[in-house]
Each structure stands twice: as structure tokens, then as C-alpha cells.
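Residue-level structural notes
In case you want the letters, here they are:
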Amino acid sequence: MSDAVLHVRGRVLVGPEDVRDELWVVDGRVSFTRPPTAADVRTVGGWVLPGLVDAHCHVGLDAHGAVDAATSEKQALTDRDAGTLLIRDAGSAADTRWIDGREDLPRIIRAGRHIARTRRYIRNYAHEIEPGDLAAYVRAEARRGDGWVKLVGDWIDRERGDLAACWPGDALAEAIAAAHEEGARVTAHCFAAESLPDLLAAGIDCVEHATGLTEELIPVFAERGVAIVPTLVNIATFPSLAAGGEARFPAWSAHMRRLHERRYDTVGAAHDAGVPIFVGTDAGGSLAHGLVADEVAELVKAGLSPAEALSAASWGARAWLGRPGLEEGSPADFVVYGQDPRADVRVLADPELVVLRGRVVG
């Protein structure tokens, strides 16, 4: 867009209840005041949201582990073109720091590399360690990341033939305390209920997937403000995963099917109790990138109102991650739609204009 001033007219959704008639982009930043020298102006119209957030995404990762820079770039561009301009990268074996120097790629908040129990996670993804080393690894990843650390809280135990917690409570308590000392928050991959009480007792900040939430645990999540990122587009794959593992692990397969069957009820109950919920797609493992609109629609199916689901991918998610939305002087990262996404969140699948760092990129 060179140095032209971008003028957006229509409905600028600064917040759930804060709607403006226009904004200006000047020197890559948002202004709600017409600049005094605006000779070269491009004016567009529509409904405007802050750049969308995918709070569980894996740029630099595929089903086999770390990918090269060209593949990472393609992943990030796919997310960007879908309107996702802020990513919490919830674990990646690749070094994607080079993306920070690219003005045309989304901003990434990294959780470092996954930390898993030995032989209890996807091959080539994680640091695979034993409990005695957990605190040291967490501290190291806290220093390497951008304010987050990612644990694998549970995974299939092949001897048991079902999901099982990966860490004893004392190791978790020491590790999460270490992360907090370093100024980082901790999140954990969890499918089942078994791992959740020890994670809560240890001071976990967030849980990914959270399909194992129970009637007893949900009030504790709400009371302590522990967020969940349900990744419902990923949970949709549970039946096929269960079918593939049924011959060897019938108990695990049955468990995965039960978690899938009650997924909407689980998220709906968490929402009704006041548990913070945010949008994440789990893209980059076996799932495609660019699915943020699908996940927002899934949260509506689970019982969130359209405005609440939009907030989980925009205003609320940005505040939770400590990043600005559409504020005076903030970086101009936003998406323009042809229709009102508050009326139908499926509009998110068809952005008309993507603006990143003040430049039209899609």
C-alpha cells in the first residue's frame, strides 16, 4: 500500500459494545481521528474486527516433526489469509524466530517446544524426559519462549491401554512454580480427566483440549480463572483416531469416543460456569492451517453466543495474551468483512481485506 493513508468506513468493532464509524491507518497504526495531511487516501468499507487469534497453533510443525522454513512460511501465510494475525504457537520443534523479521507474516507468541514424558507423545515433537528433570526443562523453555510453556499432561499409556496422566503432582508443582518465577504461564495438553486435579493443584494457567472436564472440576477452573482452548476442530478427529487404534487399545478407543460424544456439552458447561474459553485450531500437526473460522463456528455450536465466540478469537483473546486490539495508536492489524460477523460468524471464512502492520496483505 506504500505510504497511502487507509481509511475504513462502516462498522469498526473495537469491542463487543464499542462500535465506531471509521478508522484511519497512519504510519502503520490505528487512529480514530482524520490525519491533518491525508492527500493520498484509500477508502474501503465493511465490518472490521481486530486481527483474529489462533491460540493453539503450530507453525513449523507437521505430522512428522519440524518442517523447513519454506513450509513454515506457507503455514503462516495460510493463517494470515484466513484473518489470523496473532498466533500462540502451542509447541513447535522448529525455530521460527526468523518470522519475527517478516512484516507480512502473523505475530507469534511461542510456548517453546513441547515437554513430554519419555515415549508418551508424538515422535519428534517434544523434549521427552522424566519427572526429575521437569522443572529444569520448564525453566529453560520459559526463558526461550514468549511467556508460555507447553506440557503434555496426558497421553496413552500402552501398558494400561488407555489415557493416563504423565506427571506426578510434586513434579508439576515444582515445574509450574519455576515457570511462574520466570514470568511465564503454563498450559498443558489434556484429553482425560485424570491429569486435571494435579495440574490445578500445581497452579496451571490453561488447559488445551480439556475434553476431560467434569462436573466437579469445572467450578474449580472457573474459580481459579484457568482458561481452556477446546480445539473442537481437532476433537472432531477423535472417531477416526479411535477406529485406527481399536484393535490394539479398545479401552482407549472407547474413551476417545466418549470424549468426542460429549464435547459440546463439556464446552457448554464450562462456558455456563464462567470458565475463560479461547479459539485454537491445533493446526500444524495433522490439521490444516487457516481453520479459525471453523473453530469459532464450533464454539457457537457448543453454546457460546456469536459475540462471545468472536471475542474468543479477537477482543478477549488479545487481552488474555496481552496484545492490543483496535486502540488509538496500536499497530494496525485488522480484518474487514463484507457482512456483520455478529449476525453470522460464518462470515469469518470470507475476509474481504486483511491489514497487517498497516499494510494490506490479503
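Scroll up a little and you will see the structure.
Residues numbered from 1 in each chain as written. Predicted model: local features only at pLDDT ≥ 70, side-chain atom pairs only at ≥ 80, totals over all residues. Heavy atoms only, no water.

Glancing now at the pairing of strand β15 (residues 185–190). Where burial is concerned, most of β15 is hidden: five out of the six residues are buried. Of the pairings in the sheet, the one linking β15 to strand β16 (residues 206–209) comprises four bridges and is parallel in character. Opposite threonine 187, over in β16, you have cysteine 206 as the bridge partner. Since β15 and β16 lie parallel, the crossover through helix α4 (residues 196–202) that links them has a hand, and here it is right-handed. (Buried < 20%, exposed > 50% of the residue type's maximum accessible area, 1.4 Å probe, protein only. Helix = DSSP H or I, 4+ residues; strand = E, 2+ residues; numbered from the N terminus. Pairing = 2+ DSSP bridges. Right-handed = clockwise from strand over helix to strand, strands pointing away.)

Moving on: the sheet that holds strand β2 (residues 19–26). What holds strands together in a sheet is hydrogen bonding between their backbones, with the strands either parallel or antiparallel. Taken in spatial order, the seven strands line up as β3-β2-β1-β4-β18-β19-β20 in an open sheet, and their pairing is mixed. Where the open sheet ends on each side, the last strands, each with one partner, are β3 (29–31) and β20 (359–360). As paired strands, strand β1 (residues 5–13) and β2 are joined by six bridges and run antiparallel to one another. Bridged to histidine 7 within β2 is tryptophan 24.

The subject of this paragraph is the side chain of threonine 187. Mapped onto the elements of the fold, threonine 187 is located in strand β15. Within the structure, the side chain of threonine 187 is placed 3.2 Å from the backbone oxygen of cysteine 206, a separation counted as a polar contact. (Polar contact = N/O pair within 3.5 Å; in protein donor to acceptor, adjacent residues only side chain to side chain.)

Judged by side-chain charge, Arg119, Arg123, Arg158 and Arg248 come together as a positively charged surface patch. Tracing the sequence through the fold places arginine 248 in the loop between α7 (238–245) and α8 (250–261). (Patch = residues over 30% accessible without salt bridge, like charges linked within 9 Å, V, L, I, M, F, W, Y side chains within 5 Å. Areas by Shrake-Rupley, 256 points an atom, 1.4 Å probe, with all protein chains shown as cover. Salt bridge = Lys/Arg side-chain N within 4 Å of Asp/Glu carboxyl O. Lys, Arg positive; Asp, Glu negative; His and termini not counted. Charge placed at Lys NZ, Arg CZ, Asp CG, Glu CD.)

Before going further, it helps to examine the pattern of salt bridges. This structure, assessed with the given rule, holds 21 salt bridges. For the salt bridge of arginine 143 with glutamate 182, the shortest nitrogen-to-oxygen distance reads 3.0 Å. One end of the pair, arginine 143, is in helix α2 (residues 134–144); the other, glutamate 182, is in the loop between α3 (169–181) and β15, with 39 residues separating them in the sequence. Close ionic contact of glutamate 298 with lysine 301 constitutes a salt bridge, the shortest N to O distance being 3.3 Å. On the criterion of helical spacing, the pair formed by glutamate 298 and lysine 301 is a turn pair, its members being three residues apart in helix α10 (residues 292–301). Judged by relative accessible area, glutamate 298 falls into the buried class, the value being 10%. Each of Arg97, Asp100, Arg110 and Asp146 takes part in salt bridges that share partners, so that together they form one network.

Okay, the packing of aromatic side chains next. Per the stated rule, a full pass over the model turns up five aromatic pairs. Centre to centre, the rings of tyrosine 121 and tryptophan 155 are 4.8 Å apart; their planes meet at 75 degrees, and the pair counts as edge-to-face. One end of the pair, tyrosine 121, is in the loop between β10 (115–117) and β11 (127–129); the other, tryptophan 155, is in strand β13 (residues 154–157), and 34 residues separate them in sequence. One exposure class covers both tyrosine 121 and tryptophan 155, and it is buried. Geometrically, the ring pair formed by phenylalanine 191 and phenylalanine 238 is edge-to-face, given 4.8 Å between the ring centres and 70 degrees between the ring planes. Here phenylalanine 191, found in the loop between β15 and α4, pairs with phenylalanine 238, found in helix α7; they are 47 residues apart in sequence, far enough to count as distant. When its relative accessible area of 0% is taken as the criterion, phenylalanine 238 is described as buried. (Phe/Tyr/Trp six-rings, centres within 6.5 Å; stacked < 30°, edge-to-face > 60°.)

Along its 12 residues, α8 runs 17 Å from first to last C-alpha, staying within 8% of the 16 Å computed at 1.5 Å per residue. Listed in full, the buried residues belonging to α8 are Trp252, Ser253, His255, Met256, Leu259 and His260. Seen from one end, α8 has its buried residues packed into an arc of 160 degrees, which puts them on one side. (Expected span 1.5 Å × (residues − 1). Arc of directions from axis to C-beta.)

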